[in-house]
Amino acid sequence: LTQLSKAAHLLTSGDFSARVLLNKSLERREDETALLLKDFNQMAASLERLERERRYSLAAIAHELRTPITIAQGHLDLLGDDPAERKETTAIITDELDRMNRYVSDLLLLAKAERADFLHLGPVDLGEFTANLLRTLTPLADRDWQLDQAPPPGRTVVVVDQRRLSQAVLNLASNAVDHTETGDTIAVGASIEAGSPSLVRLWIRDSGSGIDPSVAASLLDRHARGATSRTNRPEGLGIGLSIVDAIARAHGGQVRVESELDSGARFEITVPLVEPPTVFDASPSRHPHHLNEEPS
């Protein structure tokens, strides 16, 4: 208990490495005192990890925001009176401000992910949702965009947050664009897996460069980035996949990655459904077109 008091004071003063040293006897014990000491060490380890992530995040944010600020300031310092030059400089500065705005928006989204009002659930026609996604994604880049599979529009309705899931799939598609070349295949798909509970599966598949298996497990960490992504988008915070993970977890689901180097990749969002999906009659009069509207 004396050790516990000392460790608690160290923790309060900002030393997150403070721990209670447990001998073999205490490690084996299961009484209240031993459990208290073990719980303290677990809490201290969690606080140390959170503090490490906080410092890393602040350093990363400062580094990433410094670049567009420096670029904008440099162009302002050299701004002359020539109208064409001023127009070009204004366009560059606007691009850098847009980039900073994207960074801030992504960080705010991650900060909100743990809030109860993060999701706005509603009925969504899965077939129409997937078809609309493909139409939205096609202009992203010159790729061979395909639909792997999806329920027929007007047939299957699920209860999810349409806007958030659209954002998650868009992030996955943007990631696929970064790891593919002109003419490569990028496919989107959706399906229902019956069970207890039933599952909605949404995925993006590509035929690009693939992912090193040694880094695949850390891809959803907001601080991790693949080498190819760093080459193609050196300015980014690399939190796009973390946003996908946050959206999936908010739905009670998860993100899975299947990939090998030079063999493409498949990212799949799996969302459990509390209730089985509603399946409608296929006649046009029964199609729930209003279910494709986004929540307010």
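Everything below is about the structure printed above this text.
Here the structure is a predicted model, which means the values were calculated and not measured. (Residues numbered from 1 in each chain as written. Predicted model: local features only at pLDDT ≥ 70, side-chain atom pairs only at ≥ 80, totals over all residues. Heavy atoms only, no water.)

Undergrad: Help me understand a nonpolar patch on the surface, please; the structure alone is not making it clear to me.
TA: Taken together, the side chains of Met43, Leu47 and Leu50 make up a nonpolar region of the molecular surface, amounting to roughly 240 Å² of accessible area. Turning to its location among the elements, leucine 47 is positioned in helix H3 (residues 32-77). For leucine 47, a relative accessible area of 31% translates into the label partly exposed. (Patch = residues over 30% accessible without salt bridge, like charges linked within 9 Å, V, L, I, M, F, W, Y side chains within 5 Å. Areas by Shrake-Rupley, 256 points an atom, 1.4 Å probe, with all protein chains shown as cover. Salt bridge = Lys/Arg side-chain N within 4 Å of Asp/Glu carboxyl O. Helix = DSSP H or I, 4+ residues; strand = E, 2+ residues; numbered from the N terminus. Buried < 20%, exposed > 50% of the residue type's maximum accessible area, 1.4 Å probe, protein only.)

Undergrad: Explain the packing of aromatic side chains here, please?
TA: Think of a pair of aromatic rings as described by two things: how far the centres are apart, and how the planes are tilted against each other in angle. In the structure shown here, the tally under the stated rule is zero aromatic pairs. Positioned over the ring face of tryptophan 203 is arginine 266, at 4.4 Å from the centre of the ring. (Phe/Tyr/Trp six-rings, centres within 6.5 Å; stacked < 30°, edge-to-face > 60°. Lys NZ or Arg CZ within 6 Å of the ring centre and 35° of its normal.)

Undergrad: Help me understand the pattern of salt bridges in this model?
TA: Pairing is possible between side chains that carry opposite charge, provided their charged atoms lie close to one another. With the rule as written, the count across this model stands at eleven salt bridges. Across the pair glutamate 51 and arginine 55 runs a salt bridge, and its minimum N-O distance is 2.8 Å. With glutamate 51 and arginine 55 both in helix H3 and four residues apart, the pair spans about one turn of that helix. For glutamate 51, a relative accessible area of 13% puts it in the buried group. You can call arginine 55 exposed: its relative accessible area is 52%. Here arginine 205 and aspartate 148 are joined by a salt bridge, their closest N and O atoms 2.7 Å apart. On the criterion of sequence distance, the pair formed by arginine 205 in strand E5 (residues 198-206) and aspartate 148 in the loop between strand E2 (144-147) and strand E3 (156-160) is long-range, its members being 57 residues apart. When salt bridges with common partners are traced through the structure, they connect Glu193, Arg201, Arg256, Arg266 and Glu268 into a single cluster.

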